[in-house]
Amino acid sequence: MSRNAKTLARHIRAVAGDAPPAVGLVLGSGLGHLAEMVRGGVAIDYADLPGFPPAGVSGHNPKLVLGDLEGTRVAVFGGRAHYYERGQSAAMRLPLDVLKALGGQVLILTNAAGAMHPDLYPGDLMLLSDHINVSGLNPLVGEPADARFVPMTEAYDPGLRRALHRAAGAQGITLVEGVYAWYPGPSFETPAEIRAFRTLGADAVGMSTVPEVILARFLGLKVAALSTITNKAAGLSDEAISHAHTKAMAPLGAAKLERILRRFLRDHG
Ligand code: HPA
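Remember, predicted model here, so these are calculated numbers, not experimental data. (Residues numbered from 1 in each chain as written. Predicted model: local features only at pLDDT ≥ 70, side-chain atom pairs only at ≥ 80, totals over all residues. Heavy atoms only, no water.)

**Describing the environment of glycine 201**
Here's step 1: Looking at the element boundaries, glycine 201 is found in the loop between α5 (191-200) and β8 (204-206).
Here's step 2: Overall, the relative accessible area of 33% leaves glycine 201 in the partly exposed class.
Here's step 3: Sequence separation between glycine 201 and leucine 107 is 94 residues, and the spatial gap between their C-alpha atoms is 25 Å.
Here's step 4: Residues within four places of glycine 201 in sequence aside, it is in contact with Ile132 and Val179. (Helix = DSSP H or I, 4+ residues; strand = E, 2+ residues; numbered from the N terminus. Buried < 20%, exposed > 50% of the residue type's maximum accessible area, 1.4 Å probe, protein only. Contact = heavy atoms within 4.5 Å.)

**Side note on the pattern of salt bridges**
Here's step 1: One pass over the structure, following the stated rule, counts nine salt bridges.
Here's step 2: A salt bridge links glutamate 70 to arginine 262, with the shortest nitrogen-to-oxygen separation between them at 2.8 Å. With glutamate 70 in the loop between β3 (63-69) and β4 (72-77) and arginine 262 in helix α7 (residues 243-268), this pair connects stretches of sequence that are 192 residues apart.
Here's step 3: Here glutamate 143 and arginine 93 are joined by a salt bridge, their closest N and O atoms 3.0 Å apart. Taken as a pair, glutamate 143 in the loop between β6 (125-132) and α4 (158-170) and arginine 93 in helix α3 (residues 93-101) lie far apart in primary sequence, 50 residues in all.
Here's step 4: Taking the relative accessible area as the measure of exposure, glutamate 143 reaches 13% and is therefore buried.
Here's step 5: Classification of arginine 93 as partly exposed rests on a relative accessible area of 23%.
Here's step 6: Sharing partners across several salt bridges, the network here consists of Glu70, Arg262 and Arg266. (Salt bridge = Lys/Arg side-chain N within 4 Å of Asp/Glu carboxyl O.)

**Description of the layout of surface pockets**
Summary: where empty space remains is shown by rolling a probe the size of a single water molecule over the atoms.
Here's step 1: Considering only enclosed or pocket space, the largest pocket measures out at about 340 Å³ in volume.
Here's step 2: If you trace the largest pocket, you find 24 residues lining it, with Ala112, Phe188, Met207, His243 and Thr246 closest to the centre.
Here's step 3: Of all the elements in the fold, those that place two or more residues in the lining of the largest pocket are β5 (106-115), β8, β9 (222-232) and α7.
Here's step 4: Examining the composition of the lining of the largest pocket, we find that four residues originate from one element, β5, more than from any other.
Here's step 5: Class assignment for the residues of the lining of the largest pocket results in ten nonpolar, twelve polar and two charged.
Here's step 6: Looking at the second largest pocket, its volume works out to about 150 Å³.
Here's step 7: Looking at the second largest pocket, the residues that line it are His117, Asp119, Leu120, Asp124, Leu125, Ile173, Thr174, Val176, Glu177, Gly178, Asp203 and Lys256.
Here's step 8: Here the element with the most residues in the lining of the second largest pocket is strand β7 (residues 176-182); it accounts for three residues. (1 Å grid on protein atoms, 1.4 Å probe; cavity = no way out; pocket = protein on both sides within 12 Å on 5 of 7 lines; lining within 4 Å. Points joined across faces, edges and corners; volume = space filled by probe spheres on them. Nonpolar A, V, L, I, M, F, W, Y, C, P; charged D, E, K, R; others polar.)

The structure is reproduced here in structure tokens:
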């Protein structure tokens, strides 16, 4: 745990109170609405948390919100840093260190993704069962401790996945599981790459989440992650792929995702 993380955690506690956040939530593109649902929440701009990622990507709302959501104490990260912004795969290390320093135990990550699985369409949700790190990058490079050899078997916690399936079922929402491929971006994939990733066993592709999962497992946090499908991946439909399209399509699945997460938090608390 860096000194900086401990200092920031002290500052955050002074502003938002001592209660540890049971669940940390990282909101992906177009999913920021959930942060506004937090009751009695204290919002701190990333800009006031030295070392937190700058507001890099449009469609994100770079604030940390602490408060109560459906009876569970949460820390909502309204924006994330991506590898493609500065070439740092450990760009989310400090926020996750801070979550750990605050006493967080569970991390739920959300993202927007393109679909390769033939049955996944824009507006669908996918619960990650596993991932393929096609980038070959790792946020733990340079980490000196032996703890860097993090096992990634069942990185996506089976108990959390069961709880999220129960939450989705209770809301009458279909939640399929699939494998997410991390592409470093910022350009989108080529159709040949998408065919290759599909052959490797990926169901969806995106530019985030995997480094955070690796870091969170390193920190001993339990992890789950959900994708909202915003498009068919490159070459799989006639629709042009763009960031504007991703932002426009994210709300399609966001409402369902919100209902699942609220129910999950209600049952978790
Ligand atoms: N590729 C990578 N990232 C994405 C996509 C995609 O097709 N859609 C949304 N995020």
